[in-house]
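Summary of structural features
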Amino acid sequence: MPRIAIAQLRPVKGEYAANLERLGGVLARVAELDPPVELLITPEGSMSGYFVEGGVRDVAVTAGTLFKDLATRHDAAGAKRPIDVAVGFYEVFQNRFYNSCLYATLGGPDAGVKHVHRKVFLPTYGVFDEERFVERGHEVRAFDTRFGRAAILICEDAWHSLTATIAALDGAQLLILPSASPARGTGKTEGEGESLPASVVRWERIVRNIAEEHGVFVAYASLVGFEGGKGFPGGSLVVLPSGDIALRGPIFEEAVLTADLDFDLITQARADAPLLADLEVNLPHLVKNLGRRASGVGRGGRKRRPAKFDPATNGVTPHAPRPMPQLHVVGPGVEEGDPLAIDPELARRWLVSFLKDEVVVRRGFKKGIVGLSGGVDSSLTAFLAAEALGRENVIGLRMPYRSSSPESMEHAQLVIDKLGIEPVTVDISAAVDGYFAQVGDDDPHRKGNVMARQRMIVLFDLSAKYRALPLGTGNKSERLLGYFTWHADDSPPVNPLGDLFKTQVWALARHVGVPEVIVTKPATADLIHGQTDEGDFGISYPKADRILYYLIRGMRPDEIVARGFTAAEVELVRGRLDSTHWKRRLPTVAVMSQTAIGEFYLRPVDY
């Protein structure tokens, strides 16, 4: 009965040597366990981080190099027994780059590389662009190990049910599944009360289905940590051949999980549900006709006639409207079916983990500094930062102008007092007035932009003084509507709220304890006397947020109107969204070479 261990790791981005040392430490720790571990599994990209983009060529190594480096660390750990490892890494092989997983034996007379799986299915949608940087593998097969027969699938390989079938039919008893899948959405596991990222729930369903259909053990090793804002949630799994979960890793935390594999359970599961035997018998018959449709051959070997051209439809087959996906609604007091509903406790854990990773681990800061306006966005950011970094490591910076509302100062102080964070106040009146005394024309809108940019000068200068990273406070609604000053309030390098609509910010703020007087007051940038956000928009946040939600998912304006909005409201929001794309991007640069930054020279923000 072999014992396996899954190391749910947070790699150092782009640092092969640092990750090698870290894995050496894990090997040393695992070597001390009794009973001994036969196999250690790490996630996809565990030697470099996953989103390295063009940095693949910097971090890729040969399988032989990785094996030798791991063998050296195994020896240094003083391990008395051999151990097998399955390690996710970027590989260079025959002058090509791959997203791979090495399987090797460290120590003993049988030491060496046993198998390398190269990822077959490379995602190129959403946040993914793998095929631009690595090439596809072309094979899924099982291989012999010291304790049985295994196969490896990397992340999206497992989303295609055929790959697990191939591996199982090739004799695999254990499917090793390293993954680096960013957390998205909110959902609940079957029979569980705790909310989890929807992607975690989906992975659990996929892995359990693979195990149950094929009667195999599945070891799912999931990356943790944040890369450029994209959070890997962990939640690694060991699933029995029956489809039952034997072990589940924590969310957003590093961990080493151990489990024992009783291969007799495979025999039992396959006897109870002989699905794999059915596949073995029927699959050759099912696939033998593949390709005939493309060649125009129908049943009985007869040629099919091409469909007639229908002038009424211009040859286009009409399709029914595609239903919009609905987010699972969780949390108390939420209208059933509300697409913007969030689970505030999961959101709190998610964003606190994000700030810990991005501020301390990725960027090397101990402290954060927040520009406190007295509004709900900056207050929520301060609450999250205080939990993530410790209240002693958060600076609450007030930056009033002489015409600022006294209420703004009072509410900012309310947050400072409640959290116990360090207060700093800098009055920007003299700087702003001194500038306009020279250039004249004290236009209120220009003045508001100068005030916003002056505040960023103060924020970044005090960042250098206190060695504290500036934390952004802009929400998703403001970003999509273009309701911010370019290169001003969008400037802080880390922003926990940028993917939360304003209505979601209100919900989370209430959950973490932001004073109700701040949550309920009208939102305002406080740049012009009497100004409010909703007054500037001409529409309320609850309406604007829902219209934005539908627009950015590709819904047509008439479909949105059918959901209870007026055509004028939809057009108002659509117009602002479409006219402000430039504010959400870096400056447009004329591309004149094959090394243009951001076009050819591609490195992620945290590389």
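Structure: above.
These notes cover the structure that comes with them. If you're wondering where the values come from, they're calculated on a predicted model, not measured in any experiment. (Residues numbered from 1 in each chain as written. Predicted model: local features only at pLDDT ≥ 70, side-chain atom pairs only at ≥ 80, totals over all residues. Heavy atoms only, no water.)

**As for helix α12 (residues 444–466)**
End to end, α12 covers 32 Å across 23 residues, agreeing with the expected 33 Å (1.5 Å per residue, within 8%). Taken as a whole, α12 has its buried residues at Lys-447, Gly-448, Met-451, Ala-452, Gln-454, Arg-455, Met-456, Val-458, Leu-459, Leu-462 and Ser-463. The inward-facing, buried residues of α12 contact β17 (367–371), β18 (394–398), β19 (422–425), α11 (429–439) and β20 (468–471). For α12, the side-chain oxygen to backbone nitrogen distance between the N-cap and His-445 is 3.0 Å, and the N-cap itself is Asp-443. (Helix = DSSP H or I, 4+ residues; strand = E, 2+ residues; numbered from the N terminus. Expected span 1.5 Å × (residues − 1). Buried < 20%, exposed > 50% of the residue type's maximum accessible area, 1.4 Å probe, protein only. Contact = heavy atoms within 4.5 Å. Polar contact = N/O pair within 3.5 Å; in protein donor to acceptor, adjacent residues only side chain to side chain.)

**A word on helix α17 (residues 541–551)**
Extensive coverage of α17 is indicated by the burial of nine of its 11 residues. Among all positions of α17, only Tyr-541, Ala-544, Asp-545, Arg-546, Ile-547, Leu-548, Tyr-549, Tyr-550 and Leu-551 are buried. Close packing links the buried residues of α17 with α13 (476–481), α14 (502–512), α16 (533–537), α18 (557–561) and α19 (567–579).

**Brief notes about the packing of helix α9 (residues 376–389) against α14**
The interhelical angle for the contact between α9 and α14, taken along N-to-C directions, is 45 degrees, at an axis separation of 10 Å. Classed by the angle they form, the pair α9 and α14 counts as oblique. The interaxial crossing formed by α9 with α14 has left-handed handedness. Across from Val-376, Asp-377, Leu-380 and Phe-383 in α9, the residues of α14 making contact are Lys-502, Val-505, Trp-506, Leu-508, Ala-509 and Val-512. (Axes fitted to C-alpha atoms, helices over the stretch in contact; angles between N-to-C directions. Parallel < 35°, antiparallel > 145°, perpendicular 65-115°, else oblique. Left-handed = near helix turned anticlockwise from the far one by under 90°.)

**Quick notes on the sheet that holds strand β2 (residues 39–41)**
The strand order β5-β4-β3-β2-β1-β16 describes an open sheet built from six strands, whose pairing is mixed. Looking at strand neighbours, the two that pair on one side only are β5 (112–118) and β16 (255–260), the edges of this open sheet. Averaged over all adjacent pairs, the angle separating strand axes in this sheet is 25 degrees, with direction ignored. Relative to β2, strand β1 (residues 3–8) runs parallel, the two sharing three bridges. (Pairing = 2+ DSSP bridges.)

**Topic: the environment of Met-555**
In this structure, Met-555 sits in the loop between α17 and α18. Accessibility expressed as a relative area gives 6% for Met-555, which makes it buried.

**Details of the pattern of salt bridges**
Enumeration over the complete set of coordinates arrives at 35 salt bridges. Its salt-bridge partner being Arg-208, residue Glu-204 comes within 3.9 Å of it at the nearest N-O pair. Note that Glu-204 and Arg-208 are positioned in helix α5 (residues 198–214) at a spacing of four residues, about one turn of the helix. Given a relative accessible area of 5%, Glu-204 falls into the buried group. Looking at Arg-208, the relative accessible area reads 24%, which means it is partly exposed. In this structure, Asp-433 and Arg-402 form a salt bridge, with 2.8 Å as the shortest nitrogen-oxygen distance. Placement of Asp-433 in helix α11 and of Arg-402 in the loop between β18 and α10 (406–419) is noted, with a sequence separation of 31 residues between them. On the basis of relative accessible area, Arg-402 is assigned to the exposed category, the value being 55%. Each of Arg-10, Arg-22, Glu-254 and Asp-357 takes part in one network of salt bridges that share partners. (Salt bridge = Lys/Arg side-chain N within 4 Å of Asp/Glu carboxyl O.)

**Remarks on the nonpolar core**
The biggest cluster of nonpolar side chains holds 67 residues, and the ones touching the most others in it are Leu-355, Leu-372, Ile-547, Ile-560 and Val-573. The leading source of residues in this core is α9, at nine residues. Among all residues touching Val-573, those that are not within four sequence positions of it are Leu-481, Ile-539, Ala-544, Ile-547, Leu-548 and Leu-551. Counting 48 residues, the second-largest nonpolar core is a separate cluster that includes Ala-219, Tyr-220, Ala-221 and Ala-259. (Core = buried A, V, L, I, M, F, W, Y, C linked by side-chain atoms within 4.5 Å.)

**Here we look at the packing of aromatic side chains**
Tallying each qualifying case throughout the model produces 21 aromatic pairs. Ring centres of Phe-51 and Phe-232 lie 5.9 Å apart, and the angle between their planes is 20 degrees; on these two criteria the pair is classed as stacked. Residue Phe-51 is located in the loop between β2 and α2 (56–59), and its partner Phe-232 is located in strand β13 (residues 230–233); the two are separated by 181 residues in the primary sequence. By the burial criterion, Phe-51 is buried, and Phe-232 matches it. Aromatic ring contacts, followed pair by pair, group Tyr-50, Phe-51, Tyr-125, Phe-128 and Phe-232 into a single cluster. Looking at Arg-118, its charged tip hangs above the ring of Phe-93, at a distance of 3.8 Å from the centre. Between the NZ or CZ atom of Arg-467 and the centre of the ring of Phe-365, over which it lies, the distance is 4.1 Å. (Phe/Tyr/Trp six-rings, centres within 6.5 Å; stacked < 30°, edge-to-face > 60°. Lys NZ or Arg CZ within 6 Å of the ring centre and 35° of its normal.)

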